[in-house]
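Each chain, letter by letter, is given below.
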Amino acid sequence: MKASFLIEWLSNLYRTPHEPIVMSSLDHSKEETHTHQHHVSMEQASSRAFQWGIALNLIYVIVELVSGFYANSLALITDAGHNFSDVIGLALSLLAFRLAKAKPTETFTYGFKKSTILAALINATLLLMAVGILGYESILRLRHPQVVEGGIAALIAGGGILINSFSAFLFFKTGKEELNARGAYLHLLGDALLSIGVVLAGIVILYTHWFWLDSVVSLAVLVVILYSTWSLLSDSVRLSLDAVPKGVKLSEVATLIYKVKGVIDVHHIHVWAMSTTENALTAHVQLIHIENEEEKQKVIWQIKHELLHYNIHHATLEIETDNCNSTSCEVQSQLHS
């Protein structure tokens, strides 16, 4: 038994990405459990990262805002405003994670998983609003430069580089798989870049008294932040409209299902995001005529396992028999994951 399992495991290591894995129902159960544990672990890591990010950035916002008014530095003030928008976004994302764990009800049959998508959309919107407001203020200051305490601005911004870089690092791993974590990573990394710009501007202003440079640096880094936020906004809008998630192609999903032994046709495929980490699918699958119910269930389990390649954890498959004419098929059952 152990030898056969080892051979099967080694062969799976070298299979092509969409080549079906031959698994028993027990193997599938283990794989499903492992996948579930992975998502739970990822969500716990994201939750801790959000808590640390909120605490660190809220403290820094207060320090930066007070110092910005004292030094009369628009770069510090705009950075504080941008950091505060991130704090709000992080708080919304953390709230969404908590809501996503709520149990389904008769009204919200999927629970509140999709609140993570809504939080990502709100987060991106807040960031764009902040960029617009701070950009407008920077242009006004550029036309009418004011005296800036460059030394204080550089010192406070230097602390911001450390705090924002550390906070971004907290989201680096989970940001590869979760949209809100990726949004937090981009925001905090953008803040670190902005802080670098403020440090450089503060040092130059300290020695040259080029007070207009404070506004120029703010505008330059705001453009960088705007560019890096575009993908977050577009992805969250797509998911909010139940579009096919990024990285998922219906033709590839159909091919994946069709390659499973026993499947002779698949159609009426719909894929959408239940949250920023989980996708759902409905499809009509036509199987060859199988008398043994256990064998039929193995085919279904195999299909659902293959769908995990696209983070599809909730699949509703309508099974059709092969004795059909050109217009309709005999529907046997509906199987829900």
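Given the structure is predicted, the values throughout are model-derived calculations rather than measurements.

Caption draft 1: The overall build of the protein chain, seen in detail. Helix and strand counts for the protein chain stand at nine helices and four strands. Helices and strands appear in the protein chain in the N-to-C order α-α-α-α-α-α-α-α-β-β-α-β-β. For the protein chain, buried positions account for 45% of its 337 residues. A fraction of 71% describes how many contacts in the protein chain between residues 6 or more apart in sequence connect residues 24 or more apart. As displayed, the protein chain has an accessible area near 17,900 Å², and 66% of this comes from carbon and sulfur atoms.

Caption draft 2: Region of interest: the confidence of the model for the protein chain. Taken as a whole, the protein chain shows an average pLDDT of 75; of its residues, 78% reach a score of 70 or greater. Across the protein chain, element-level confidence peaks in strand E2 (residues 279-287) with a mean pLDDT of 92 and bottoms out in helix H1 (residues 2-13) with 36. Counting interchain partners and residues more than four positions distant, the pLDDT-below-50 stretch residues 1-40 has 39 contacts. Low confidence marks residues 324-337, where pLDDT is under 50. Its contacts with residues over four positions away, or in another chain, come to 33 contacts.

Caption draft 3: Just the side chain of Ser275, in detail. Mapped onto the elements of the fold, Ser275 is located in the loop between strand E1 (263-273) and E2. The class of Ser275 is buried, set by a relative accessible area of 5%. Separated by 3.2 Å, the side chain of Ser275 and the backbone nitrogen of Glu278 make a polar contact. Setting aside chain neighbours within four positions, we find Ser275 in contact with Lys113, Thr116 and Ile117.

Caption draft 4: Focus on the pairing of E2. The buried count for E2 comes to eight of nine residues, which makes it a mostly enclosed element. Bridging between E1 and E2 involves eight bridges; their strand directions are antiparallel. The residue bridging Val263 from the neighbouring strand is Leu287, located in E2. Once E1 ends, the chain turns through five residues before running back antiparallel as E2. The parallel pair E2 and strand E3 (residues 312-320) is bridged by helix H9 (residues 293-307), and the resulting crossover is right-handed.

Caption draft 5: Layout of a nonpolar patch on the surface. There is a patch of nonpolar side chains on the surface, built from Leu58, Ile62, Val66, Phe84 and Ile88 and spanning about 440 Å² of accessible area. Counting residues per element, the ones that place at least two in the nonpolar patch are helix H2 (25-71) and helix H3 (74-100). When residues of the nonpolar patch are assigned to their parent elements, the largest contribution, three residues, is made by H2. Inspection of the secondary structure puts Leu58 in helix H2.

Caption draft 6: Structural detail: H9. Counted at 1.5 Å a residue, the expected span for H9 with its 15 residues is 21 Å, and the 21 Å between its end C-alpha atoms agrees. For H9, the full list of buried residues reads Lys296, Val299, Ile300, Gln302, Ile303, Lys304, His305, Glu306 and Leu307.

Caption draft 7: Molecular detail of the packing of aromatic side chains. Here the structure, examined in full by the defined rule, presents two aromatic pairs. Seen from their ring centres, Phe108 and Phe112 are 4.8 Å apart, and the 35° between their planes marks the pair as tilted. Overall, Phe108 belongs to the partly exposed group, its relative accessible area being 43%. On the basis of relative accessible area, Phe112 is assigned to the partly exposed category, the value being 28%. For the pair Trp210 and Trp212, a centre-to-centre distance of 5.9 Å together with 20° between the ring planes defines the contact as stacked. The class of Trp210 is partly exposed, set by a relative accessible area of 43%. By relative accessible area, which is 38% here, Trp212 ends up partly exposed. Cation over ring: Lys304 sits above Trp301, and NZ or CZ is 5.5 Å from the ring centre.

Caption draft 8: Focus on the nonpolar core. If you look at the biggest cluster of nonpolar residues, it comprises 24 residues, and the most contacted ones within it are Ile257, Val263, Leu281, Val285, Ile303, Leu307 and Leu317. Mapped by element, the contributors of at least two residues to this core are helix H8 (250-258), E1, E2, H9 and E3. When near neighbours in sequence (up to four residues on either side) are disregarded, Leu281 contacts Val253, Ile269, His270, Val271, Trp272, Leu307, Ile312, His314, Ala315, Thr316 and Leu317.

Caption draft 9: Structural detail: the environment of Val216. If you trace the backbone, Val216 turns up in helix H7 (residues 213-240). Judged by relative accessible area, Val216 falls into the partly exposed class, the value being 32%. A C-alpha to C-alpha distance of 8.4 Å links Val216 and Ile139, two positions 77 residues apart in sequence.

About the thresholds
- Residues numbered from 1 in each chain as written.
- Predicted model: local features only at pLDDT ≥ 70, side-chain atom pairs only at ≥ 80, totals over all residues.
- Heavy atoms only, no water.
- Helix = DSSP H or I, 4+ residues; strand = E, 2+ residues; numbered from the N terminus.
- Buried < 20%, exposed > 50% of the residue type's maximum accessible area, 1.4 Å probe, protein only.
- Contact = heavy atoms within 4.5 Å.
- Areas by Shrake-Rupley, 256 points an atom, 1.4 Å probe, with all protein chains shown as cover.
- pLDDT = per-residue confidence, 0-100.
- Polar contact = N/O pair within 3.5 Å; in protein donor to acceptor, adjacent residues only side chain to side chain.
- Pairing = 2+ DSSP bridges.
- Right-handed = clockwise from strand over helix to strand, strands pointing away.
- Patch = residues over 30% accessible without salt bridge, like charges linked within 9 Å, V, L, I, M, F, W, Y side chains within 5 Å.
- Salt bridge = Lys/Arg side-chain N within 4 Å of Asp/Glu carboxyl O.
- Expected span 1.5 Å × (residues − 1).
- Phe/Tyr/Trp six-rings, centres within 6.5 Å; stacked < 30°, edge-to-face > 60°.
- Lys NZ or Arg CZ within 6 Å of the ring centre and 35° of its normal.
- Core = buried A, V, L, I, M, F, W, Y, C linked by side-chain atoms within 4.5 Å.

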